[in-house]
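Analysis of the macromolecular model
Spelled out from the first residue to the last, the chains are:
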Amino acid sequence: MPVETLIWVGERPGFVRMIEQTKLPTEFELLDVKTVEQMVDAIWRLAVRGAPAIGVAAGYGVLLGVQALEGLGGEEFMGRTREIAATLGKARPTAVNLFWALDRMVGRAQHDCAAGMSGDAMRSGLFEEAHAIFHEDQITCEALGRHGAELISDGGTYLTHCNAGALATTNTGTALAPFYEAARQGKQIAVFADETRPLLQGARLTSWELMQAGISVTLICDNAAGLVMFEDKIDAVFVGSDRIARNGDVCNKIGTYSVAVLARQHRIPFYAVAPLSTFDRNITHGSMIPIEERPAEEITRGFGKQTAPDEVKVYNPAFDVTPAELVTGIVTETGVIELPCQSSVESTMRAAGIDLA
Ligand code: MRU
């Protein structure tokens, strides 16, 4: 694995150690997160970010809360677990992996409570569940890499947007996993990384982690994506996702939609790479996905430097939705959904055991 984005340290009690991603690439700092409130803050500030990593962080966030519930059992323990999950659920609204992980943790506690387990046994169950979420994410990244690498040619050049790599997961990432796997297989590839305004995940994180791994990466301004496609430099686009609707609409970092439109104009394949935990069974159309709006200062005073008048009106959505019709394929851990649409997405979800009733 290229970097250890976040890990659980110790047994019970323990804490989460994560890379403080807001400091990259100039400083490599580790952050120890020991309370639920610190975890909410870390997720909100993007110290940990990227949909799958947020899901793992949420599972471990529940542990930070329940490990302090010594002596509680039954419904009392359940109620506190639900409160902890609700607090963590307010950290960020768009990446469904956050809610998927929290539902899974609460579901496990509910199951163990209904089985009449003691508070201590319920806590052990939650530790098991959070570690399972972590380990499954690692395995999923490998599967995404294997399926995605089949779409990558020796000598190919690929464009990516934001950071959907090791820093967004606990292993090799989602959209970057095929690059790591293709490189491991000996394919010579090159990557263009959009800088990804306003928080520069492409510049600060994607270029950093691909350089660490020895994969050729060229950084471009977001608004150069059209030109590099026009110049015939790009063989395909690979992006991650924060939430995928049942009709195949793909929500990802702001700017992804523009890249998809450009890719269509230039007849370049556009792939989203995402685990099934990113598919939302409650959302039938991309327009239903809640889009996070972040503070104006991220645009007007990015990284501490004022670049716009103080009083200017600002609209700062952190994500956008790419309609399914612009998506060539969605790479999942079970295979590639080609030309995704409601029936193909739903049948993939059903085959993976997701209840769509
Ligand atoms: O705001 P961020 O940095 O959390 O946004 C991250 C993205 O948009 C990623 O592309 C997405 O979460 C997929 S990560 C594997």
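Before going further, it helps to examine the overall build of the protein. From N to C terminus, the protein includes 11 helices and 13 strands. Its C-alpha radius of gyration of 20 Å places the protein within 12% of the 21 Å reference for a compact globule of 357 residues. The principal-axis extents of the C-alpha atoms in the protein amount to approximately 65 × 50 × 40 Å. Looking at the protein as a whole, 57% of its 357 residues are labelled buried. Restricting to contacts in the protein with at least 6 residues of sequence separation, those with at least 24 account for 75%. Accessible surface for the protein amounts to roughly 14,900 Å². Of this, 52% is attributable to carbon and sulfur atoms.

Here we come to the sheet that holds strand β2 (residues 15-19). The strands making up a sheet associate through backbone hydrogen bonding, with each pair oriented either parallel or antiparallel. Strand order in this open sheet of 3 strands is β1-β2-β3, and the pairing throughout is antiparallel. Of all strands in the sheet, those bounded by a partner on one side alone are β1 (6-9) and β3 (30-33). Mean inter-strand twist for the sheet, computed between neighbouring axes without regard to direction, equals 25°. Judged from the 4 bridges that link them, β2 and β3 form a sheet pairing that is antiparallel. Across the sheet, the residue bridging to Met18 is Leu31, located in β3. The sheet contacts of helix α1 (residues 36-45) involve β2 and β3, and relative to β3 the element is tilted by about 140°. Docked against the sheet, helix α2 (residues 51-66) engages β1, β2 and β3, running at close to 20° with respect to β1.

Of all residues adjacent to the ligand, which total 18 residues, the nearest are Arg49, Ala51, Arg92, Asn252 and Lys253. At 2.9 Å from an oxygen atom of the ligand is found a main-chain nitrogen or oxygen belonging to Ala51. Taking Asp242, its side chain carries an N or O atom lying 2.9 Å from an oxygen atom of the ligand. Look at the ligand: alone it shows 420 Å² of surface, and the protein chains cover 100% of it. Looking at the shell around the ligand, the elements that each hand over two or more residues are α2 and β9 (250-253). Residue classes in the shell around the ligand are distributed as 7 nonpolar, 7 polar and 4 charged. Composition of the shell around the ligand by domain shows at least three residues from each of domain 1 (6-142) and domain 2 (144-351).

Applying the stated rule across the entire model yields 22 salt bridges. Between Arg108 and Glu128 there is a salt bridge, with its nearest N and O atoms 2.9 Å apart. With Arg108 in helix α4 (residues 96-114) and Glu128 in helix α5 (residues 119-149), the pair connects residues that are 20 residues apart, well separated along the chain. Among the salt bridges present, the one from Lys233 reaches Glu231, with a minimum N-O distance of 2.6 Å. We classify Lys233 as partly exposed; its relative accessible area is 37%. A relative accessible area of 38% places Glu231 in the partly exposed class. Each of Arg104, Arg108, Asp112, Glu128, Glu129 and Glu136 takes part in one network of salt bridges that share partners.

Right, let's get into the pairing of β9. Within a regular strand, side chains alternate between the sheet's two faces. Strand direction decides the pairing type here: strand β8 (residues 243-244) and β9, joined by 2 bridges, are antiparallel. Its bridge partner lying in β9, Ile244 is registered against Val250. Linking β8 back to β9 in an antiparallel pair, the connection comprises 5 residues, with Gly248 at a positive phi of about 95°. Bridge analysis of β9 against strand β11 (residues 319-322) gives 4 bridges, and the strand direction is antiparallel. Across the sheet, residue Cys251 finds its bridge partner in β11, namely Val321.

Our next topic: the domain arrangement of the protein. Each domain of the protein was delimited in the assignment, giving domain 1 (6-142) and domain 2 (144-351). Relative placement of domain 1 and domain 2: their C-alpha centres are 25 Å apart. Every contact between the two is made by 30 residues of domain 1 and, on the other side, 36 residues of domain 2. Between domain 1 and domain 2, the buried area comes to about 2,700 Å², and carbon and sulfur atoms account for 55% of it. Where domain 1 touches domain 2, the interface holds 1 salt bridge. Put simply, Arg92 and Glu292 hold a salt bridge, and the shortest N to O gap is 2.8 Å. On the surface where domain 1 and domain 2 come into contact, there are 24 residue pairs in polar contact (both at pLDDT 80 or more). Elements that contribute at least two residues to the side of domain 1 that touches domain 2 include exactly α1, α2, α4 and α5. Broken down by class, the residue content of the side of domain 1 that touches domain 2 amounts to 18 nonpolar, 7 polar and 5 charged.

Across its 19 residues, α4 extends 26 Å between first and last C-alpha, which sits within 8% of the 27 Å expected from 1.5 Å per residue. Of all the residues in α4, the buried ones are Val96, Asn97, Leu98, Ala101, Leu102, Met105, Val106, Arg108, Ala109, Asp112 and Cys113. Buried-residue contacts for α4 involve α1, α2, α3 (74-88), α5 and β8. Phi for Gly116, located one or two positions after α4, is positive at around 75°.

Parameters and conventions
Residues numbered from 1 in each chain as written. Predicted model: local features only at pLDDT ≥ 70, side-chain atom pairs only at ≥ 80, totals over all residues. Heavy atoms only, no water. Helix = DSSP H or I, 4+ residues; strand = E, 2+ residues; numbered from the N terminus. Rg over C-alpha atoms; globule rule 2.2 N^0.38 Å. Buried < 20%, exposed > 50% of the residue type's maximum accessible area, 1.4 Å probe, protein only. Contact = heavy atoms within 4.5 Å. Areas by Shrake-Rupley, 256 points an atom, 1.4 Å probe, with all protein chains shown as cover. Pairing = 2+ DSSP bridges. Axes fitted to C-alpha atoms, helices over the stretch in contact; angles between N-to-C directions. Near = heavy atom within 4 Å. Polar contact = N/O pair within 3.5 Å; in protein donor to acceptor, adjacent residues only side chain to side chain. Nonpolar A, V, L, I, M, F, W, Y, C, P; charged D, E, K, R; others polar. Domains from an automatic or database assignment. Salt bridge = Lys/Arg side-chain N within 4 Å of Asp/Glu carboxyl O. Buried area = accessible area lost by both parts, 1.4 Å probe. Expected span 1.5 Å × (residues − 1).

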